[in-house]
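# Fold and contact review
For reference, the chains in residue letters:
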Amino acid sequence: MTAVTVRVPAKVNLQLAVGPAREDGYHDLVNVFHAVSLFDEVTVTRAEPGPSRLSVAGGLDSHTARVPLDGTNLAARAAELLAREAGVEAAVSIHLAKAIPVAGGMAGGSADAAATLVACNTLWRAGLSDADLHALAARLGSDVPFPLLGGSAVGTGRGEHLTPMPCGGRFTWVFALAEGGLSTAAVFGEYDRLRPDAPRPEPDPSLAAALAAGDAPALGAALSNDLQRAALSLRPELRRTLDAGRAAGALGAIVSGSGPTCAFLAADGAAAGEIAAALAESGHCARTVQAYGDVPGATVLPPSAG
Ligand code: C5P
């Protein structure tokens, strides 16, 4: 085996309830992750020992240009961490074929890191268990464990303690991609400025019920994101994007995670087409993509497909 390709999904947050800043700078969350059919493919290939070589393709040009291609990339750090843990020499090149927006609030960098852990574990026959991989993922970032799991799950703590949630239907989504990204840390900082009195985050039982029942109108009504106000404060033009999707019949419209991607829940595929067309016509987004959820987490592709 000289190369392994892993396909990994983006996430949208169905609920993102954010508590006050903790002493370590992080925030306690109730973070309902939902994996959607917008996939990056990460290929790790055996290479000379030394720092991982990175390459990237796909997605919006303005996005891929911002992917760091050095050791600071979370995927490179994932390969190094796994090598240390498994007691092998890190000797891979990593290719990221991107469909997930970069710095878009859909955990693309976290997804690539999760995929790299799975790919290197397979390539090096390191034999780490799912629990081992989850622990390494949590060390890399709060959003890295979820793409290993996929489906729908609630994250507590800083988002890394995951409990799967039942999803009783297929939900259809439209995502409005924006030019440029938003820094997660900057959005949390703006949140602290706007909400110094943030209450303890609590799960929303109506959201869990709507998800379990596959009830799209109820899920649309229950979507919530405490970071939305902060993201809109930093990028006020996103309000027009949300309004355009709502006017086109979206059952729910929210900023995805820390943004700037906006997520619209559609009643069905036809409604999604209408929302996407209206968003494109409005000129208030760079591109739209349609996807469905939930979908499984990081999956090793058969060699012929890789
Ligand atoms: O965990 P991760 O490195 O992905 O987090 C990126 C940044 O997002 C952190 O440095 C922090 O500013 C913010 N964050 C937070 N509370 C969380 C998760 C992330 O404040 N629960």
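Please read these numbers as outputs of a predicted model, since none were measured by experiment.

Once that is clear, we can look at the nonpolar core. In globular proteins that are soluble, nonpolar side chains generally tend to be buried together. Counting residues in hydrophobic clusters, the biggest one holds 65 residues, and the most contacted among them are Leu 14, Val 36, Ile 94, Trp 173, Phe 175 and Leu 219. Ranked by the residues each element gives to this core, the list is headed by helix H3 (residues 108-123), at nine residues. Excluding anything up to four places from it in sequence, Leu 219 contacts Leu 14, Phe 171, Trp 173, Leu 207, Ala 210, Leu 211 and Leu 265. Counting residues in each nonpolar core, the second largest holds 29 residues, with Ala 231, Leu 238, Leu 242 and Ala 244 among its members.

The next point concerns helix H2 (residues 74-86). Helix length check: H2, at 13 residues, gives a terminal C-alpha distance of 18 Å against a target of 18 Å (1.5 Å per residue), a fit within 8%. Next to the buried residues of H2 lie strand E3 (53-57), strand E4 (92-97), H3 and helix H4 (130-140). By the N-cap criterion, in which a side-chain oxygen at the helix start approaches the backbone nitrogen of a residue two or three places on, H2 is capped by Asn 73, the distance to Ala 75 being 2.7 Å. Of the residues one or two after H2, Gly 87 is the one with positive phi, at around 70 degrees.

Applying the stated criterion across every chain yields a total of 11 salt bridges. Put simply, Arg 139 and Glu 85 hold a salt bridge, and the shortest N to O gap is 3.8 Å. With Arg 139 in helix H4 and Glu 85 in helix H2, the pair connects residues that are 54 residues apart, well separated along the chain. Linking Lys 98 and Asp 112 is a salt bridge whose minimum nitrogen-to-oxygen distance equals 2.7 Å. In this pair, Lys 98 sits in the loop between E4 and H3 while Asp 112 sits in helix H3, placing the two residues 14 residues apart along the sequence. An identical accessibility class is assigned to Lys 98 and Asp 112; each is buried.

What follows deals with unusual backbone geometry. Note on backbone geometry: most residues besides glycine have negative phi, and most peptide bonds are trans. A cis amide bond links Gly 259 with the next residue in sequence, Pro 260, at an omega value of 5 degrees. Considering the arrangement of structural elements, one finds Pro 260 in the loop between strand E9 (252-255) and strand E10 (262-266). The linkage connecting Gly 293 with the following residue, Asp 294, adopts the cis geometry, with an omega of 5 degrees. With respect to the helices and strands, the residue Asp 294 is situated in the loop between strand E11 (287-293) and strand E12 (299-300). Of note, the phi angle at Arg 125 is positive, near 45 degrees, even though the residue is not glycine. Along the chain, Arg 125 falls in the loop between H3 and H4.

Turning next to the packing of H2 against H3. Relative to each other, H2 and H3 sit at 30 degrees, their axes nearing to 8 Å. Taken together, the axes of H2 and H3 are roughly parallel relative to one another. Seen from above, H2 lies across H3 with right-handed handedness. For the pair formed by H2 and H3, the contact residues are Leu 74, Ala 75, Ala 78, Ala 79 and Leu 82 on the first element and Gly 109, Ser 110, Asp 112, Ala 113, Thr 116, Leu 117, Cys 120 and Asn 121 on the second. Looking at the contact of H2 with H3 residue by residue, the classes come out as eight nonpolar, four polar and one charged.

Further remarks concern the packing of aromatic side chains. What the rule picks out here adds up to two aromatic pairs. Ring plane angle 10 degrees and centroid distance 4.8 Å describe the contact between Phe 33 and Phe 146, whose orientation is recorded as stacked. In this pair, Phe 33 sits in strand E2 (residues 27-46) while Phe 146 sits in helix H5 (residues 145-149), placing the two residues 113 residues apart along the sequence. You can call Phe 33 buried: its relative accessible area is 0%. Between the aromatic rings of Trp 173 and Phe 175, the centroid separation amounts to 6.2 Å while the plane-to-plane angle is 15 degrees, which identifies the pairing as stacked. Judged by its relative accessible area of 0%, Trp 173 is buried. It is Arg 7 that lies over the ring of Phe 39; its NZ or CZ is 3.9 Å from the centre. Between Arg 170 and the ring centre of Tyr 292, over which it is positioned, the NZ or CZ distance is 3.6 Å.

Time to look at the site of the ligand. Residues in close proximity to the ligand include Gly 25, Tyr 26, His 27, Leu 29, Gly 141, Ser 142, Arg 158, Thr 184, Ala 185 and Phe 188, which together make up its full environment. At 2.6 Å from an oxygen atom of the ligand is found a side-chain nitrogen or oxygen belonging to His 27. Here Arg 158 contributes a backbone N or O atom positioned 3.0 Å from a nitrogen atom of the ligand. When the ligand is considered free in solution it has 450 Å² of accessible area, and contact with the protein chains removes 73% of it. Contributions of two or more residues to the shell around the ligand are made by E2 and helix H6 (184-194). Counting residues per element, the shell around the ligand draws most heavily on H6, which supplies three residues. Across the shell around the ligand, the residue classes break down as four nonpolar, five polar and one charged.

On to helix H10 (residues 238-247), then. Of all the residues in H10, the buried ones are Leu 238, Thr 241, Leu 242, Ala 244 and Gly 245. Burial along H10 is one-sided: seen end-on, the buried residues are contained in an arc of 160 degrees. On its buried face, H10 sits against strand E7 (171-177), helix H9 (228-234), E9, E10 and helix H11 (269-282). Positive phi shows up at Gly 249, right after H10, with a value of about 105 degrees.

Cut-offs applied
- Residues numbered from 1 in each chain as written.
- Predicted model: local features only at pLDDT ≥ 70, side-chain atom pairs only at ≥ 80, totals over all residues.
- Heavy atoms only, no water.
- Core = buried A, V, L, I, M, F, W, Y, C linked by side-chain atoms within 4.5 Å.
- Buried < 20%, exposed > 50% of the residue type's maximum accessible area, 1.4 Å probe, protein only.
- Helix = DSSP H or I, 4+ residues; strand = E, 2+ residues; numbered from the N terminus.
- Contact = heavy atoms within 4.5 Å.
- Expected span 1.5 Å × (residues − 1).
- Polar contact = N/O pair within 3.5 Å; in protein donor to acceptor, adjacent residues only side chain to side chain.
- Salt bridge = Lys/Arg side-chain N within 4 Å of Asp/Glu carboxyl O.
- Axes fitted to C-alpha atoms, helices over the stretch in contact; angles between N-to-C directions.
- Parallel < 35°, antiparallel > 145°, perpendicular 65-115°, else oblique.
- Left-handed = near helix turned anticlockwise from the far one by under 90°.
- Nonpolar A, V, L, I, M, F, W, Y, C, P; charged D, E, K, R; others polar.
- Phe/Tyr/Trp six-rings, centres within 6.5 Å; stacked < 30°, edge-to-face > 60°.
- Lys NZ or Arg CZ within 6 Å of the ring centre and 35° of its normal.
- Near = heavy atom within 4 Å.
- Areas by Shrake-Rupley, 256 points an atom, 1.4 Å probe, with all protein chains shown as cover.
- Arc of directions from axis to C-beta.

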